[in-house]
Structure formats: structure tokens, C-alpha cells
Amino acid sequence: MKPNKLDELRDILFRPDHEKLEALRARVEHAEARAADVAEVLPDSVAASFERDSRLVGALRKPLRECISESVREDPEEFADALFPIMGPAIRRSVAEAFKAWIQQANQAIEQSLSPRGLSWRFQAWRAGIPFGQYVLQRTLLYRVEHIYLIQASSGLLIGHVQQGDLHSKDEDAVSAMFTAIQEFVKDSFSGDEPQRLRTAELGELTLWAVHGPGAVLVALIRGVPPAGLRTDLQVVLERIETRFDHEVRNFAGERAELPDLEPELRSCLRTSLREPEIRRTKQRFSPALAVLGVLAVGVIAWAGYGIWMQSRVARIAEAFEATAGIVVTRIDRAGRSLVIRGLRDPMAPTPEEIAAAEGWFGPVDASFEAYLSLDRELVLARARAVLEPPDTVSMSLDAGTLHLAGAAQPLWISAIGTAAASVAGVERIDVSGLHADSDGLLAAVRTLLEPPAEVGLALRDGVLEVSGTAPKPWLDRVLATTLPNGVDSVDHSSLEFAEMFALRGIEREANAAVLIFDSGSSSLAGAQGVTVEEIVESLVEYGALAEELGLVPSLTITGHSDASGTFDLNVALERNRAETVASAFQDAGVEPAWIATRSHLDSGVAGARMPGVTLQLEARSSVERPVQD
Amino acid sequence: MRSAKVCIIGDFAVGKTSTVARFVNNEFSEKYLTTVGVKIDTKQVDIPSGSVKLIIWDVAGTDRLSDIELAYLRGSAGFILVADGTRTATVESALRLKADIVAQYGELPFVAMLNKFDLSDEWQIHHDELAVSRSAGVEWITCSAKTGEGVAMAIETLATSISDAATEST
Ligand SMILES: Nc1nc2c(ncn2[C@@H]2O[C@H](COP(=O)(O)OP(=O)(O)O)[C@@H](O)[C@H]2O)c(=O)[nH]1
Ligand SMILES: [Mg+2]
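Since we're looking at a predicted model, the values are computed, not measured.

1. Observations regarding the sheet that holds strand β8 (residues 338-345) of chain A
Residues and elements named next belong to chain A.
(1) Moving on: Reading across the sheet, the three strands line up as β7-β8-β9 and stay open at both edges, with mixed pairing between neighbours. The open sheet is flanked by β7 (327-335) and β9 (365-371), the only strands paired with a single partner. If you compare each strand with its neighbour and ignore which way they point, the axes differ by 10 degrees on average.
(2) Moving on: In the sheet, β7 pairs with β8 via eight bridges, with the strands oriented antiparallel. Across the sheet, V329 pairs through a bridge with G343, a residue of β8.

2. Thoughts on the site of ligand 1
(1) Moving on: The environment of ligand 1 is formed by 19 residues, the closest being K16, T17, S18, D118 and A145 of chain B.
(2) Moving on: Lying at an intersection of chains, ligand 1 is approached by residues of chains A and B.
(3) Moving on: Residue G530 of chain A places a main-chain N or O atom 3.1 Å away from a nitrogen atom belonging to ligand 1.
(4) Moving on: Contact with the protein chains covers 88% of the free accessible surface of ligand 1, which is 580 Å².
(5) Moving on: Sort the elements by how many residues they give to the shell around ligand 1 and helix α1 (residues 16-23) of chain B lands first, with three residues.

3. Here's the deal with the sheet that holds strand β4 (residues 78-84) of chain B
Residues and elements named next belong to chain B.
(1) Moving on: Strand order in the open sheet formed by six strands is β2-β3-β1-β4-β5-β6, with mixed pairing between adjacent strands. In the strand order of this sheet, the two ends are held by β2 (38-47) and β6 (140-142), each with one partner. Along the sheet, successive strands turn relative to each other by an average axial angle of 30 degrees, direction set aside.
(2) Moving on: Direction of pairing for β2 relative to strand β3 (residues 50-59): antiparallel, over a ladder of 10 bridges. By the bridge assignment for β3, I47 is matched with G50.
(3) Moving on: Sheet strands in contact with helix α4 (residues 88-105) are β1 (2-10), β4, β5 (110-115) and β6, and its direction is about 160 degrees off that of β4.
(4) Moving on: Against the sheet, helix α6 (residues 151-169) engages β1, β2, β3, β4, β5 and β6, with an angle of about 80 degrees to β2.

4. Concerning the packing of helix α18 (residues 499-513) of chain A against helix α19 (residues 533-550) of chain A
Packed helices, taken two at a time, are described by their axes: the angle between them and the distance between them.
All names here are of chain A.
(1) Moving on: Two elements in contact, α18 and α19, have axes whose closest approach is 9 Å; the angle formed by their N-to-C orientations is 145 degrees. Remark: the crossing between α18 and α19 carries left-handed chirality. In this structure, α18 contributes E500, M501, A503, L504, I507 and E508 to the contact, and α19 contributes S539, E542, Y543, L546, A547, E549 and L550.
(2) Moving on: Partitioned by chemical class, the residues of the contact of α18 with α19 number eight nonpolar, one polar and four charged.

5. Side note on the interface of chain B and chain A
(1) Moving on: With 32 residues of chain B in contact, the opposing surface of chain A contributes 33 residues.
(2) Moving on: Ionic pairing is found between E255 of chain A and R2 of chain B, a salt bridge with its closest N-O pair at 3.5 Å.
(3) Moving on: Across the contact surface, chain B and chain A share seven residue pairs in polar contact (both at pLDDT 80 or more).
(4) Moving on: Contributing elements (two or more residues each) for the side of chain B that touches chain A: β1, α2 (31-35), β2, β3 and α3 (67-72) of chain B.

6. Here we look at the packing of aromatic side chains
All names here are of chain B.
(1) Moving on: Tallied over the full model, the rule gives three aromatic pairs over all chains.
(2) Moving on: With centroids separated by 6.0 Å and ring planes inclined at 55 degrees, the aromatic side chains of W57 and Y72 adopt a geometry described as tilted. In this pair, W57 sits in strand β3 while Y72 sits in helix α3, placing the two residues 15 residues apart along the sequence.
(3) Moving on: The buried category is assigned to W57, whose relative accessible area is 1%.
(4) Moving on: For Y72, a relative accessible area of 2% gives the class buried.

7. Things to note about a negative patch on the surface
Residues and elements named next belong to chain A.
(1) Moving on: The grouping of E510, E534, E535, E538 and E542 at the surface amounts to a negative patch.
(2) Moving on: A per-element tally of the negative patch places α19 first, with four residues.
(3) Moving on: Checked against the element boundaries, E534 lands in helix α19.

8. Section: α1 of chain B
The periodicity of an α-helix, 3.6 residues per turn, causes residues three or four positions apart to be oriented the same way.
All names here are of chain B.
(1) Moving on: Turning to α1, its buried residues are K16, T19, V20 and F23. Angular distribution of buried residues about the axis of α1 spans 95 degrees; they occupy a single face of the element.
(2) Moving on: On the buried face of α1, the contacting elements are β1, β2, β3, β4, β5 and α6.

9. Remarks on the environment of E78 of chain A
Residue and element names in this part refer to chain A.
(1) Moving on: In this fold, E78 is placed in helix α4 (residues 76-112).
(2) Moving on: By relative accessible area, E78 is classed as exposed at 56%.
(3) Moving on: A C-alpha to C-alpha distance of 9.5 Å links E78 and P214, two positions 136 residues apart in sequence.

10. Observations regarding the pattern of salt bridges
A pair can form between side chains of opposite charge whenever their charged atoms are brought close.
(1) Moving on: Under the definition given, this model contains 26 salt bridges over all chains.
(2) Moving on: For D173 of chain A, the salt bridge is made with R256 of chain A, and the minimal N-O distance between the two is 3.0 Å. With D173 of chain A in helix α7 (residues 172-190) and R256 of chain A in the loop between α9 (246-250) and α10 (262-267), this pair connects stretches of sequence that are 83 residues apart.
(3) Moving on: The exposure class of D173 of chain A is buried, given its relative accessible area of 1%.
(4) Moving on: In this structure, D84 of chain B engages R87 of chain B in a salt bridge whose closest nitrogen and oxygen atoms are separated by 3.0 Å. By the burial criterion, D84 of chain B is buried, and R87 of chain B matches it.

Conventions adopted
Residues numbered from 1 in each chain as written. Chains lettered and ligands numbered in written order. Predicted model: local features only at pLDDT ≥ 70, side-chain atom pairs only at ≥ 80, totals over all residues. Heavy atoms only, no water. Pairing = 2+ DSSP bridges. Helix = DSSP H or I, 4+ residues; strand = E, 2+ residues; numbered from the N terminus. Axes fitted to C-alpha atoms, helices over the stretch in contact; angles between N-to-C directions. Near = heavy atom within 4 Å. Polar contact = N/O pair within 3.5 Å; in protein donor to acceptor, adjacent residues only side chain to side chain. Areas by Shrake-Rupley, 256 points an atom, 1.4 Å probe, with all protein chains shown as cover. Contact = heavy atoms within 4.5 Å. Left-handed = near helix turned anticlockwise from the far one by under 90°. Nonpolar A, V, L, I, M, F, W, Y, C, P; charged D, E, K, R; others polar. Salt bridge = Lys/Arg side-chain N within 4 Å of Asp/Glu carboxyl O. Phe/Tyr/Trp six-rings, centres within 6.5 Å; stacked < 30°, edge-to-face > 60°. Buried < 20%, exposed > 50% of the residue type's maximum accessible area, 1.4 Å probe, protein only. Patch = residues over 30% accessible without salt bridge, like charges linked within 9 Å, V, L, I, M, F, W, Y side chains within 5 Å. Lys, Arg positive; Asp, Glu negative; His and termini not counted. Charge placed at Lys NZ, Arg CZ, Asp CG, Glu CD. Arc of directions from axis to C-beta.

Right, here's the structure in full:
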């Protein structure tokens, strides 16, 4: 056969198989096609392998572990964030289990203990009808969560804030930002590589607790001693908030109104725990037996009293009439249902019906009196009161025909009193030395006398002249040397500020904010200054005069600063020179050298900015507290 | 009401603290500035689109921001750049500070205040310097913390850009 014939034959015989073979080779050789193939069967293979035995698990274990630890190493932050919502509850649950077991143990130990306190607490708990463990908790815990702040971790913006209803707070946005700033500061200043977070702070009675999540910080301000479990509760609330409002918290841009559902979550943290509330309730328990006894006792007493009252009724009424000033009784008895009385009566005296009614007689009264003027003291006083109509602030007394008047009244009333009193029967003389103008009138008189400056407020309270506001010291000296009118017993100037002091503080504030600028590296003052040496000297001279007026001694500390370039030693020298430059400029311009001290900012270790400048610290002390110099 | 964090930055003694003091409700003592390095004040600003409560962080920085000062800027909706018209160098450091911030946090709304205008007789700022600023995208608003001139206007301008930026992004 010819070779081409043979080829032809082979072609006929094997062609279909050859084509298949070609296709197969293509599939094996092309990685992409192979991947697609495997992908198609992979899920089923994995499932089948799992069904059959555990070899697959064994094979995957190592690479998977590698994989996870690799990615944790690379970006722990992201990993932690992802795990946070799951891990929080999981860890808590296991801690809670451990805790429960521990509490049970402790509970048993205490229950079995026979210490007096253990027994007494047991008894109390039994009386209160609450579990012993709970009672122990109540005895030891007393706290109140006063404020809750939810703060965006990145910016310090306040996402939400709630507080106990009866509290007022500073601007909560500022508090939130300041918390974040301080936390940032602590983080930067005291921690190493590991980021530290501010978790708790004690501020006297208050405790601050912060729990941190990936996007937000929940801060609780607590009065008293919070239980450890509260931190867990805060953590739970924060986790729930971060899950529910994940997007809103992360992308919060200062618009609080967009998060109304947040408030109930935050409110749930405002807990109050009071000591022994249950016990107090049981003490007030109502006792029916006691109530029945009480009713019986009242009944017996009322019955006995009624009898006695019936018998002595008329006798007591007669006595009452006889005891009443301005009434002379000639006859009194009972006729049927009415009371019959005869006698003399001053018009100022109470009516017979009034006297009888005061003694419990509400039946008819048959009274007939002749008019007369009594000289009884009460009656004369009553007559004087009716004629003179004194204000409530005036008291009157009668002593051997002399009417004494004392207290505060309108000046006009006081001037008319003499003539009016002459027409009162029973008053022979009148004594007005105890009278003074009322506070309005008195205040007007004091005002004319003292001529207070416009910034001064005057008030009269119980004879004390209260002086407030601002005034020059010489004015107060004059006030204290003045004899004040009747009715002013003393002067209270504790809330009066001296104008000199006010001006003094103003100069202090200004001087302590001033920065004198130097050229970098140089110890001569720069050309342009916000505040010039001359301006400062002018205020210092004024300060000196004011301080003297107030009996204070000024002190001025001049601190030299330097910027970050140069060595420590060179900078300290430079700072000293700068402070000295300013000190001598001040002295040349007439500032008292004894006030002045200079120092280097770096050397003295005080806080302050690194800058080529000089700052001042001006204050005034009373000469007594002046530090002893050696 | 929207609240927004704002930082005020600039070289030493340009008048940052004075500017804030002139404008805000004082919340915390100045002592925080020396101890913690930052002081916070708030101010409600009424602008045409509503009210914005600015929470102003006064960072005790100088011509370069330290890491912590840069950290304080985190989450800011904008910033106030201050320079001292009597000292040309402070304009340069302001531009540098702005570049630092942009490198770290991207472009943010800001306002630039050229302070101590009450001393304008002694100003050393020349047209070329202002031209440099302009090419860096900074238009200076002249003002004086001493007299108060221009301060409120500058801060209202910032509040408006912050509010606009927030509306755009939502
Ligand atoms: N003349 C003048 N002085 C100012 C002005 N603003 C601030 N100063 C003064 O500049 C100095 C530094 O001010 P300060 O606010 O402490 O600057 P900061 O370091 O940027 O906070 C102080 O002496 C201020 O009195 C201003 O507008 N005019
Ligand atoms: Mg400052």
C-alpha cells in the first residue's frame, strides 16, 4: 500500500477518537479550562469527602490556621471589628457562668457562717422577704448613674446624651469633646505601643466609666459606688447600639435629630440603686388588729369626754365671759335651749355670740349689755389699733398709760402718729423711739446718706444692709465709718467686689495672655508685637497702684520660652536671656524691681508652648501670705 | 441642630486663643491648654440654612503639628487657619499646617484669618505672599481678635461651608 493510502485508512479508522483526544488535551493543558472543570465538581467533592471520612478536615486545618493568623497579623483592627459583635456576648456569657458559680459558692459560705453579722443580715433578709444574696447586694450597693454620653470614637462628637431628670449639666457637647481630648492625651502620654483607653476615672463622689466599641464610646457618670455588673450592662448596651445603628454611628456627622431611637437605649443605662428600699416598705405594713383597737379606744374616750363636757358646759361659758376683757357679767344661766346673759360691754370686746361659740355653744343666746369704756390694757390696745391702723411690722405695748410703738413703717404714717394717738381713750402718752422708716423708706434714706456708685446694689433684710456689686474701696471705708439710721443694725458687704479688684483681675488676665515675640534664636524682641512692652508697662504701673490701694503685693514672673531648634542647654540660656531682656525693659520703664522674678520655661519644668517668646504671670497676694525669702 | 467639630490652628502667638475667646461661650479653663494641650469651647452659629453648633478645639500647636495634635484633628468637619499679619513667617507656617492636615485627612472646609488687623500699620504682608497663598487655595480674611472685627464673619463663613459640605455628601 502506498503510504498516503495508509494515512487515508488511519484517518478513516481513528479520526473520531483523535478529535476527542485533541479536545481532552486542550482541556488538560489550559489552566483556565481546568479551573472551570474543578470548580464545577469541587463543592460536590468536598461534600462527598466529608461524608466519607475526616481526611479533608485534617488537610484543611493547617492552611486555614495559617490563613487566619496571617490576616490577623496584617490587620488586627479589622478582624477585631468584625468579631466584636459576636465575641462580646460570648465572652460575657462565659464570664457570667463563672461568676454565677462563684456567687453560689460565696452564698453558701455566708449562709453557713454563724457570724453575728451573717445572722443579722439573714434575719433582715427574711423579714424583708427577699433572697439573702439580694439583700447582701442591697446592703453594700448604693449608686446612681447620672449622665450617659455616647461619643463617636473618631471625632469626639456627641451622638447622644441623657441625664437624670433633676440634674443640670455643662454644655454636653463640650464635655464630650473634652473627654475625647483628655483620652487622646492620656493615650499619647502614658501608653506604649499598645493603645490604652481611658476606662475609669474617680472624681470625688463621682465615678466615670467608659466602655469602648469600634465606632463609639459610652461614658457613664456615676454617683456612689457602682456594681461591677453595671460595666457589663453598659457594654451590652453599647454592643446593641453598634449593631443596630452601625451605619449611623460610623457616619455620624453631627446631626443628632436623625437618631431618635437611640434615646431609649441610653435611658436604660440611667440606673438608680437605693439602700434598703424593700425593708422600709415592710415596716409600713398595715395591721388590721391595731386599727380595730384604735377605733375602740377613740370611742371610749369620746364617750367619757362627752359626759364631762355636758356637765361643765354652762360653768365654762360663764368663766369665759368673766375672763373676757371689756365684759362685766351680772347674770348668766340657761333658760330652756337658750343662754341668758346680762351685764356691761366695751364696743371693742368680742360679741356674746362669739364668746359662746368659742366655748362650743351654738344654740340661741339671749344677751343684753350696757355700753362702757374699759381701761383694760388689751382693750386700750385694741382701740389704739383700730384708730391708728399700724402696719404688720409695727408692734405696740401699753405700760402705765404710755403707748410704746416699735418697728418699721412708712415715714408718712410715723409723722402723723402723735395727733392720732391723742384721741384714743386710755392712752395718755406715746413713745415712738422704737419706730423707724420701713425698708423702702429706710433704703431711700440710706441711699441719700451713702451715695452709692451706679454699680452697687443695696438691699435691707432683717436690719442687715446688704451691699453688692462693685465699688471703689474708699467708698466702702466711708460706709463702714458712717452712723446709719435707726433700723439698720449692720452692714454685709461679703458680695461686694472692689472696683480696684475688678480692674486688677482684668489687668492680670490681659498680662497673663500676652506673648512678647522674639526672633528665632535671638534674645532681642522682634519688631512687630501684638502687645508692646510700653503697653504692658502702662498696665503694670496701674496694677501697682490698685494693689497698693487694696493692701496687696504684686508679683510678676517672667518666663522665657524657646522653639524646638537648638540644644537643651543653649535653649535654657536663651530663655533666661529673653526673660532678662524683658525684665530690664520693664525696670527701665519704671516697674518696681522687687516684684519681678525671671525663669526659663525648659529649666523650671512648667507646662507651656515651645516658641520664641516670653510669657508673664502676674498676681497679687496679701502681704501676710508673702512667701519668706531666704 | 447639627453639631460640628472644628479645630483652630496656626503658629505661636498668632491669636488663636484670643480669637476663640472673643467668639465663644467659655466652657473650660485656659489651664487645659497648658496641661492637656487643647481647650474646647462651643458656639452656636446661625446661618441661612439653619443653626450649626461649632465645637471648637484650640490646639496649643506651633508651626508644625505633633502626632498628638494631628490626632486631635481627627473627625473635624473643618478648621480655622490663623496667621499674624505682623509676621510674614506665620502665613508660611499656616500654609504648611494646612498641607499637613490635607495630607492626613484630605480636603476639608476651612477659613483663613489674617489676624491683628488693628495693627495694620505694622503689617509686613506683601502682595506676592498673598498671591502664593491664593495659588495654594487660601483666601485670607483680615480680622482682629482685639477689636473683634471680621471674627464673627469668618467663623460664619466656615459654618456655612461645613453645612454645605454636609448637605452635598448626603
Ligand atoms: N494687637 C493685637 N494683638 C493680638 C490680637 N490677637 C492676639 N493678640 C495678642 O497676641 C498674643 C498671642 O495671642 P494668643 O491668642 O495667645 O495666640 P495663640 O498662641 O495663637 O493662641 C497675645 O499677646 C495677644 O494679646 C489682635 O487681634 N491684635
Ligand atoms: Mg493659644
